[in-house]
Each structure stands twice: as C-alpha cells, then as structure tokens.
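This is what each chain is made of:
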Amino acid sequence: MVKVSTPRTSWDTYRDIEVSFKVNGREVKVRVKPYERLIDVLRNKLGLLSVKEGCGRGECGACVVIMNGKLIPTCLTLAVRAEGSEILTLEGIAPEGKLHAIQKALLDTYSMQCGFCFPGVIMASKYLLDKNPDPTEDEIRDALDGNLCRCGSYLRFIKAVKLASRYIREGKIFFDESEVLR
C-alpha cells in the first residue's frame, strides 16, 4: 500500500535550503525556501535592486541577469538553481565610480526614458557584445527581442548598442561617472 503524505498547510512549513553562489564576483550564502525565485533573493535578500520584476512570466526582460554565461529570466528561475553558479547583475558590470560602455552609449544616444527596462536592456546588450563585439543591426534586434520598453526606445537602443560596440572595440570599456554625469 502506498503511503500518502498529508498535504502541507502552509508554504512556511518547507525547510530552508542553504544556497551558495557568486554574484558580481562576491561569494554569497543565503537560506531560501525551495520554491523561492531568484529575483526575490537577489532583490530582497541581497539588495540588488537593478533586477526588476516586470511581467513575472519571463516575457519582458526586466529581470534578466547573466548566470554562468547565459542570459536568464530570474522571475522564472528558482533560487536553488543558482547553487555554485556565477551571476552578473547590472551592479557588477563596471567598477565602483565607473560606467560601462553600454551605459555611456545609452546616455549618449538619449535613450533614457523611465528607466524601468534599462537593467534588462543593458544585460541583454552586454550578453550580446560579450559574444559578438561587432553585431549587425539584425543581431542587435534579435538580442533585444526579449526586452519590452513601454516608452518605445527601441530604435535608440539599437543606436546605443552600435555605439557601445564601437567604444568597446576602441578599448573604451569603462568611463568615469564624474565625467559622464556632469
């Protein structure tokens, strides 16, 4: 006879699991519930607020990070999947006091609107430029296809990625924040 366990009465009855991973080059250990999403851990437990919750269904790109070299939607990823992984968020793409070439290019092309989608757009652009430092316009469109922008800055994003590509190819990867944000 098969023994059927009694149903849990509350989500809080699940035991916490310790998960260790690297985020932006820093080792972290956090205790998570088995059903906890990576976005909630990054935002609420680690304070990485660039990771935005947009649709919560992996369709808008606002929550994407680079995990083990792949662009992933953190709203669809369980935190326990991060065990042993390396995660890069917007907070980790440039040293303190510097802007990454992608951020500089977005400013130079006046792509700034409300900014909600920016972290995801920047991470998708970084993912593309890490793999392909000189993308075509079609490749840029494909790379940003999963990022929704309610302000409609898509054409400016394409210009910005092309400009960032040029900066990076010229060896200008980081810019001093104090000079750029005057």
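Look a little higher up for the structure.
So, here's what we can say about the structure.

Conventions adopted
Residues numbered from 1 in each chain as written. Predicted model: local features only at pLDDT ≥ 70, side-chain atom pairs only at ≥ 80, totals over all residues. Heavy atoms only, no water. Pairing = 2+ DSSP bridges. Helix = DSSP H or I, 4+ residues; strand = E, 2+ residues; numbered from the N terminus. Core = buried A, V, L, I, M, F, W, Y, C linked by side-chain atoms within 4.5 Å. Buried < 20%, exposed > 50% of the residue type's maximum accessible area, 1.4 Å probe, protein only. Contact = heavy atoms within 4.5 Å. Expected span 1.5 Å × (residues − 1). Axes fitted to C-alpha atoms, helices over the stretch in contact; angles between N-to-C directions. Phe/Tyr/Trp six-rings, centres within 6.5 Å; stacked < 30°, edge-to-face > 60°.

Let's shift gears to the pairing of strand β2 (residues 26-32). Two strands pair when backbone bridges link them, and strand β1 (residues 17-23) and β2 are joined in this way by seven bridges, in the antiparallel orientation. For I17, the partnering residue across the bridge sits in β2 and is V32. Linking β1 back to β2 in an antiparallel pair, the connection comprises two residues, with N24 at a positive phi of about 50°.

Bringing the nonpolar core into the picture now. Counting residues in hydrophobic clusters, the biggest one holds 27 residues, and the most contacted among them are L106, I122, L144 and F157. At the level of secondary structure, the elements contributing two or more residues to this core comprise β3 (64-67), α2 (101-108), α3 (118-131) and α5 (154-169). Excluding its chain neighbours within four sequence positions, the residues that come into contact with L144 are V121, A124, S125, F157 and V161. Core analysis: the second largest hydrophobic core is formed by 21 residues, V23, L38, A79 and A82 among them.

As a further point, take α2. In terms of residue burial, α2 counts as a mostly covered element, since six of its eight residues are buried. Taken residue by residue, α2 has A101, I102, Q103, K104, A105 and L106 as its buried positions. Buried positions along α2 lie against β6 (98-100), α3, α5, β7 (174-176) and α6 (177-180). Trailing α2 by a residue or two, Y110 shows a phi angle of about 55°, which is positive.

Here α5 spans 23 Å end to end across 16 residues, near enough to the 22 Å set by a 1.5 Å rise per residue. In this structure, the buried side of α5 is in contact with α2, α3, α4 (137-143) and β7.

The next subject is the sheet that holds β3. With mixed pairing, five strands are arranged side by side in an open sheet as β2-β1-β5-β3-β4. Edge positions in the sheet fall to β2 and β4 (70-73), since each has one partner strand and no second. Here the strands of the sheet are splayed against their neighbours by 40° on average, with no regard to which way each runs. In the packing of helix α1 (residues 38-45) onto the sheet, the strands contacted are β1, β2, β3, β4 and β5 (86-88), and the crossing angle to β2 comes to about 110°. Packed on one face of the sheet, α3 meets β3, β4 and β5 and runs near 35° to β3.

A few words now on the packing of aromatic side chains. The full count for this structure, using the stated rule, is four aromatic pairs. For the ring pair F118 and F157, a centre distance of 5.9 Å and an interplane angle of 70° mean the geometry is edge-to-face. Remark: F157 occurs in helix α5 and F118 occurs in helix α3; sequence separation between them is 39 residues. Feature note: the residues F118, Y154 and F157 constitute an aromatic cluster, connected by ring pairs.

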